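Observations on chain architecture
Take a look at the letters that make up each chain.
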Amino acid sequence: MYLPERYEFFCPVKINSGNRALEHVPFELDALNARKPLVVAGKDVGERGLVGVIIDAFKDSGLAIGVYDGVPSAPDLKLIRELFNIYRDRGHDALIAIGGGSAADTAKVLNIAVSGKPEDIEGCAGENLIKKPLKPLIIVPTTAGTGYEVSKYAFFAGRDYASHFLMPNLAVIDPRMTIPEDAVTTAAAALFALTHAAEAYTCPGKNPLADAYAYTAIQLIMANLVNVIGDQRDKNGRLSLANAHAMAGCAFSNVALGVAHKLGKVMGDLCHLPQGLCMGMLLPRVLEREMSEGGYHIADLLLPLAGFDTYASTAADMKARRAVEIIHDLLKDLSAANGGAISRIWKDIQVSEDTLQDIAQRAGVNEASFDIDGCAKILREAREGR
Amino acid sequence: MKNFREVAAGKKSLKKDYVAVMMWFMGRAIQAAAAVDMAAKKEFAGMPDGFTFALSVMPNGPHMIIGKDQRGFVRYKGWDPDGNKIDLDMKIKNIEAALLLFTFQESTTLATARNRLVVDGDVAHACAVMRILDIVEVYLLPKIIAKLAVKRYSGWSFRRKYLGRVLVYVRSIFSF
Amino acid sequence: MDMPAYYEFCCRVKIISGHDVLERIPATLAELTARRPMIVTDKGVVGAGLINIVVNAIGNGVDIGAIADDVPPDSDLRIVNSLARLYREKGCDSLLAIGGGSVMDTAKGINIIVSEEADDLMRFSGANALKRALRPLIAIPTTAGTGSEVTLVAVIKDHEKHLKMAFISNFLLPNACVVDSRMTLTLPPAATAATGMDALSHAVEAYTCLAKNPLSDAHALAATRLISENLLKVTLNPGDKEGRLCMASAATLAGIAFGNSMVGMVHTLGHSVGSVCGVPHGACMAILLPYGLEYNMHKNGHLTAELLFPMAGAPVYAATPKEERAQTVIALIRRMNQELYEATGGRHARFFKEALDRDGREMVPKERLPDIAETALRDGSISYNPEDLDYDDFLMVMEAAWEGRPLDTGLIRKG
Ligand SMILES: [Fe+2]
């Protein structure tokens, strides 16, 4: 088994998952020495009744909580200042973010402010500029969560943040919160997570601890994604996917970001497409390219993708190829399972040759085997569905 | 601020009442089992006289308190932790977890495996209490539920299963 | 793969692993704003020259406040108290624990006293009695086995009052563990074999017992694979640096798995043999592991069967019929014990009858088996075992493990 000469791994996130997980939050807060959390949620979350579930979970706890459920999709610094004042004036000592996206980003950045002073938000933007642990942060993912919310990354008001101290102390995955979403949202979130997990599992800087998270995430996605897309009533499937996304977030916080991530992110932003769908369609093509450059961890990817039996019965020199095929098959199955919405997005991608060059340039890929021409070639292949 | 509100601490009275009643019954049944069941007797014999243990729900009850008095008799001592020096407290982390336990959706084994219980006190005695809870569950529950509640539902003689069950029921209700 | 209806998983320890990572200690201390660590260790570690390696690797940048090397093989309240006094006298601000399980437990105990400014450690026993972060603690394991560098439990004994206190809290997790292959290079073959089998038992029990979850499973599978590939190799060739690093990583992975998913009857009985007869923990694990799997077979045989993949590799897994895989795993563990027995010149015991102390005396006399079975009834790990065991069952298993014959499956009372 492969073991690197040297590695570091850090994941402060505790995962509580399953039936009545939210009711354990007061106990967990006590262990974090906190007793008055401020709940931060998006508008949609409030409208869908999910805030009520949280409030109910605290009912017998003896704890009062603050609830803000108005985070817009593009929050600004004014919101941070207002929430900062509430946090300070009302004696809060912990944060709970519901859902991914802007609510989680707001909570992470707010945490920088309440753990120090509001001005720190500027000084801490960038890579590893937070120097000490922040206040307790709990993330409660919903189905739309991609795993980004439990990662070390945050994006807020035009600034990028990356620090292990931004990772939550706890991710609470409760079936009452992982409610059905439309097929495109569900698939985009899962493919976002699958891309991160697969790239963490095959990258040169991989280590056995990040691998454990990535391996489990891949397994759970492969076992559940097509089912959930076909049948949104699959409650256990949705819970499993939310678990997988959180685990992928832990894995990719401990390795360098991969090519499919970088290209897919820029492509999603420039072409106004869900990033996860872009990453998903790029992933097998990036892996193929890496394979031809001798990326020998790709064969190992067959194990979480297909399980012991398929791995064992596939010839050694065919394993990597088979792994890539399985991802292609997954994409096909997803298109088939939802009656067209996903495949329509993939088919109708209108990316001009110029945009394609633009994406390749902006993605900032600096791996030796992926120069700008190489990236453009992959994007072209994906566009043409080859 | 718009969209902000503070929510005061609430109550789940009905659920707590249900758990309290079940604990009352369970407590009486433990007292009864200690008098009629050889295995339960043996488990209590391993505890020092004056030893008191509780099964309770965090953060503020209900509680089920069982004590062994100075002469070695096992008594259900009610639900009020005040005035009792509790040597071993087995705490269920929240009322919903307690409800799963007392509606028999989750056995004590599963609750332990799922980290829903916190043991405060000596682990050796906690093991004995877990076995006593198993014994009492087999007495009180119909076979189909008890089979799920305990790891091994077998090896009980006809006499222990049926006569014992009657005795435990009668003693739990009339308390002697 | 089954998703449990509810599970929890956590390992907050920063893990730094490699051939030359002791050199990372100063930077790690600095990140934790610590300047003057106290080293906690034992005479064995000092005797093996490991403290010198650490001190040299740390270099001049860090001011070592004190080196306490008198931790006994069994953690002890009196020592914890006296070392806490030393920590204060020397004005230390952090702890470096270098050693095995007892050193880790002792350092965790010291940390409670010095951080909480307490006189009475007992006040903090039980679960979650600690409410805030303690002083920075960095763990440097010197055995590839216990996994206590990544667990949140400390067990400290009060030998005067005959009490064994358990402390459980997230705050007891070390801030970081530094796993360096140089720390296990000099571990003698018999200890290598025993501690390695302890790690294997953590992985196997976490994977096959009741509190398993997908994430701890992944850790357990990776650990099992690394141990199966490397344990015999490093026992035969102690200087194998790559193999040592693999074993050290495996122990950490297995520690994370069992820290989250707990262990079952192998540990229940192993703890009891240890406390009644003083047999080293790893030696007990090696002997008992196949018995635990045999006893639980009717409940978790399908899980045991899956372990054939990491234990024997893909070709053997594929070539073994499904219904034979679990038995093959048990046979492989027994074969591993046999090979380790040969590799250590007979010092790695295959069954309790042949477990001898330093003077060649039998450590587990047959008449002590009832005491062991009795003691097992008081061990918490039994909750997580798939099948129940009462006194008679424990005794039945011990008798087989004493003689070294497989369990008579007819005697297992199946629930
Ligand atoms: Fe162990």
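Residue numbers restart at each chain and count upward from 1, following the sequence in its written direction. The naming scheme follows written order: chains are lettered A onward, ligands numbered 1 onward. Since the coordinates come from a predicted model, pLDDT governs what is reported: local features require at least 70, and pairs of side-chain atoms require 80 or more to be given and counted, while whole-chain, interface and lining totals use all residues. Based on all heavy atoms of the structure, the side-chain values leave hydrogens and waters out of the count.

1. Some words on the overall build of chain B
Selection criterion: Working definition: helices are DSSP H or I runs of at least four residues, strands are E runs of at least two. Numbering for both runs from the N terminus. The atom set for the radius of gyration is the C-alpha atoms, and the globule formula is 2.2 Å times the number of residues raised to the power 0.38. Here the term buried applies to any residue with accessible area under 20% of the maximum for its type, exposed to any over 50%, and partly exposed to those in between, with areas from a 1.4 Å probe on protein chains only. A contact between two residues is defined here by any heavy atoms of the two lying within 4.5 Å.
If you tally the helices and strands in chain B, you get seven helices and six strands. Going from N to C terminus, chain B has its helices and strands arranged as β-α-α-β-β-β-β-α-α-β-α-α-α. Over its C-alpha atoms chain B spans a radius of gyration of 17 Å, differing by no more than 12% from the 16 Å that the globule rule assigns to 176 residues. Its C-alpha atoms give chain B principal-axis dimensions of about 70 × 40 × 30 Å. In chain B, buried positions account for 55% of the 176 residues. Taking the contacts inside chain B whose residues are at least 6 apart along the sequence as the reference set, 63% of them involve residues at least 24 apart.

2. Digging into the overall build of chain C
Scanning chain C from terminus to terminus reveals 15 helices and ten strands. For chain C, the C-alpha radius of gyration of 21 Å lies close to 22 Å, the compact-globule estimate for 415 residues. Its C-alpha atoms put chain C at 60 × 50 × 45 Å along the principal axes. Buried residues in chain C amount to 61% of all 415 residues.

3. Focus: the coordination of the iron ion
Residues and elements named next belong to chain C. Quick note on the threshold: Metal-coordinating donors are taken as N, O and S atoms lying within 2.8 Å of the metal, or within 3.2 Å when the metal is Na, K or Ca; because water is left out, some sites can appear incomplete.
Surrounding the iron ion are the protein donor atoms Asp198 (OD), His202 (NE2), His267 (NE2) and His281 (NE2), which sit 2.2 Å from the metal. For the iron ion, all donor residues lie on one chain, and their spacing in sequence is D-x3-H-x64-H-x13-H. Here His267 lies in helix α9 (residues 265-277) and Asp198 lies in helix α6 (residues 189-208), a separation of 69 residues in the sequence. Judged by its relative accessible area of 3%, Asp198 is buried. Relative accessible area serves as the criterion here: at 3%, His267 is assigned to the buried category.

4. Focus on the pairing of strand β9 (residues 159-162) of chain A
Residues and elements named next belong to chain A. Basically, it comes down to this: Only strands joined by at least two bridges in the DSSP assignment are considered to pair.
With two bridges connecting them, strand β6 (residues 126-127) and β9 associate as parallel partners. Bridge pairing links Gly126 to Tyr161 in β9. Note: strand β8 (residues 153-156) against β9, four bridges, orientation antiparallel. Considered in β9, the bridge of Phe155 is made with Asp160. Hairpin connection of β8 to β9: two residues between the antiparallel strands, including Ala157 at a positive phi of 45 degrees.

5. Description of the interface of chain C and chain B
Convention followed: Accessible-area loss on putting two parts together, using a 1.4 Å probe and summing over both, is the definition of buried area adopted here. Salt bridge, as used here: a side-chain nitrogen of Lys or Arg that lies within 4 Å of a carboxyl oxygen of Asp or Glu. Whenever two N or O atoms come within 3.5 Å, that pair is a polar contact, provided that in protein one can donate a hydrogen and the other can accept it, and provided that, for residues adjacent in sequence, both atoms are side-chain atoms.
Contacts between chain C and chain B engage 27 residues on the former and 18 residues on the latter. Counting the surface lost from both chain C and chain B, the interface buries some 1,800 Å², and carbon and sulfur atoms represent 51% of this. Applying the counting rule to chain C against chain B returns two salt bridges. With a shortest N-O distance of 3.7 Å, Glu8(C) and Lys93(B) are connected by a salt bridge. Across the chain C-chain B interface, the total number found is ten residue pairs in polar contact (both at pLDDT 80 or more). Put simply, the parts of the chain that give the side of chain C that touches chain B at least two residues each are β1 (6-9), β6 (126-127) and α10 (281-306) of chain C.

6. Digging into the domain arrangement of chain C
All names here are of chain C. Which entries qualify depends on this criterion: Throughout the structure description, domain borders are defined by an automatic or database domain assignment. Amino acids outside the nonpolar list (Ala, Val, Leu, Ile, Met, Phe, Trp, Tyr, Cys, Pro) and the charged list (Asp, Glu, Lys, Arg) are all regarded as polar, and Gly is one of them.
Splitting chain C by domain gives domain 1 (14-183) and domain 2 (189-411). The gap between the C-alpha centroids of domain 1 and domain 2 is 27 Å. Of the residues lining the interface, 14 residues belong to domain 1; the matching set on domain 2 comes to 18 residues. With both chains or domains summed, domain 1 and domain 2 bury close to 1,300 Å², and 67% of this area falls on carbon and sulfur atoms. The three residues of domain 1 that bury the most area against domain 2 are His19, Ala144 and Gly145, which together make up 38% of that side's buried surface. Put simply, domain 1 and domain 2 have two residue pairs in polar contact (both at pLDDT 80 or more) between them. In terms of residue class, the side of domain 1 that touches domain 2 is made up of four nonpolar, nine polar and one charged.

7. Comments concerning the interface of chain C and chain A
In this complex, chain C contributes 45 residues to the contact, which on the side of chain A involves 43 residues. In this assembly, chain C packs against chain A so that about 4,100 Å² is buried in total across both faces, 58% of it on carbon and sulfur atoms. Among the residues chain C hides against chain A, the three largest losses belong to Met3(C), Tyr6(C) and Arg12(C). Together they make up 16% of the total. Counting across the interface, chain C meets chain A through five salt bridges. Note that Lys14(C) is salt-bridged to Glu8(A), the shortest N-O span being 3.7 Å. Only β1, β2 (14-18), α7 (214-236), α8 (241-261) and α12 (314-319) of chain C provide two or more residues apiece to the side of chain C that touches chain A. The dominant element in the side of chain C that touches chain A, judged by the number of residues it contributes, is α7(C), at nine residues. In terms of residue class, the side of chain C that touches chain A is built from 27 nonpolar, six polar and twelve charged.

8. Concerning the sheet that holds β8(A)
Read from one edge to the other, the open sheet built from three strands follows the order β6-β9-β8 (chain A), with strand pairing classed as mixed. Edge positions in the open sheet fall to β6 and β8 of chain A, since each of these has one partner strand only.

9. Observations concerning the pairing of strand β10 (residues 176-180) of chain C
Regular strands place side chains that alternate from one sheet face to the opposite one. All names here are of chain C. Counted residue by residue, β10 has five buried out of five residues, so it is predominantly covered. Residues Ala176, Val178 and Asp180 point to one face of β10 and Cys177 and Val179 to the other, with burial holding for every one of them. Bridging between β2 and β10 involves five bridges; their strand directions are parallel. The residue of β10 that forms the bridge with Lys14 is Ala176. Sheet analysis places strand β7 (residues 137-141) next to β10, joined by two bridges and oriented parallel. Within β10, the residue paired with Ile138 across the bridge is Ala176.

10. A few points about a nonpolar patch on the surface
Inclusion rule: Patch criteria: residues need more than 30% relative accessible area and no salt bridge. Like-charged residues are merged within 9 Å; nonpolar side chains of Val, Leu, Ile, Met, Phe, Trp and Tyr are merged within 5 Å. The Shrake-Rupley method, run with a 1.4 Å probe, gives the accessible areas here. Residue values count only the displayed protein chains as cover.
Together, Val166(B), Tyr169(B) and Val170(B) line one region of the surface with nonpolar side chains, adding up to about 230 Å² of accessible area. For Val170(B), the location among the structural elements is in helix α7 (residues 158-174).

11. A look at empty space enclosed by the protein
Residue and element names in this part refer to chain C. Which entries qualify depends on this criterion: Whether a set of points on the 1 Å grid over the protein atoms alone is a cavity depends on a 1.4 Å probe fitting there but being unable to get out, while an open set qualifies as a pocket with protein on both sides within 12 Å along at least five of seven lines; lining residues are those with an atom within 4 Å of a point. Grid points are joined across faces, edges and corners, and a volume is the space filled by probe spheres set on the points.
Following the criterion strictly, the structure yields four cavities of 30 Å³ or more and no others. In this structure, the largest cavity encloses a volume near 60 Å³. Taken together, 14 residues line the largest cavity, and the ones lying closest to its centre are Pro141, Thr143, Ala144, Val179 and Ala248. The greatest single-element share of the lining of the largest cavity, amounting to three residues, is contributed by α8. Counted by class, the lining of the largest cavity contains six nonpolar, six polar and two charged residues. Three or more residues apiece are contributed to the lining of the largest cavity by two domains, here domain 1 (14-183) and domain 2 (189-411). Here the second largest cavity defines a volume of roughly 50 Å³. If you go around the second largest cavity, the residues you meet are Glu205, Thr208, Cys209, Met265, Val266, Leu289, Gly292, Leu293, Asn296 and Asn385.

12. Focus: the confidence of the model for chain B
Formally: pLDDT expresses, on a scale from 0 to 100, how confident the predictor is about each individual residue.
Averaged over chain B, the pLDDT score is 87; the fraction of residues at 70 or greater is 94%. No element of chain B has a lower mean pLDDT than α7(B), at 71, and none a higher one than strand β2 (residues 52-57) of chain B, at 95.

13. Overview of helix α15 (residues 391-403) of chain C
Residue and element names in this part refer to chain C. Operational definition: A helix's residues, less one, multiplied by 1.5 Å, set its expected span.
Taking 1.5 Å of rise per residue, 13 residues should cover 18 Å, and α15 covers 19 Å from first to last C-alpha, within 8% of that figure. Buried positions along α15 lie against α9, α10 and α14 (369-376). Two or three places before Asp392, at the opening of α15, Asp390 has a side-chain oxygen 3.1 Å from that residue's backbone nitrogen.

14. Looking at the pattern of salt bridges
Under the defined criterion, the tally for this structure stands at 60 salt bridges over all chains. Close ionic contact of Arg6(A) with Asp20(C) constitutes a salt bridge, the shortest N to O distance being 3.4 Å. Here Arg6(A), found in strand β1 (residues 6-9), pairs with Asp20(C), found in the loop between β2 and α1 (25-31), and the two come from separate chains. Take Arg6(A): its relative accessible area is 42%, and that puts it in the partly exposed class. Residues participating in the shared-partner salt-bridge network are Arg20(A), Glu23(A), Asp174(A), Arg176(A), Lys12(B), Lys15(B) and Glu96(B).

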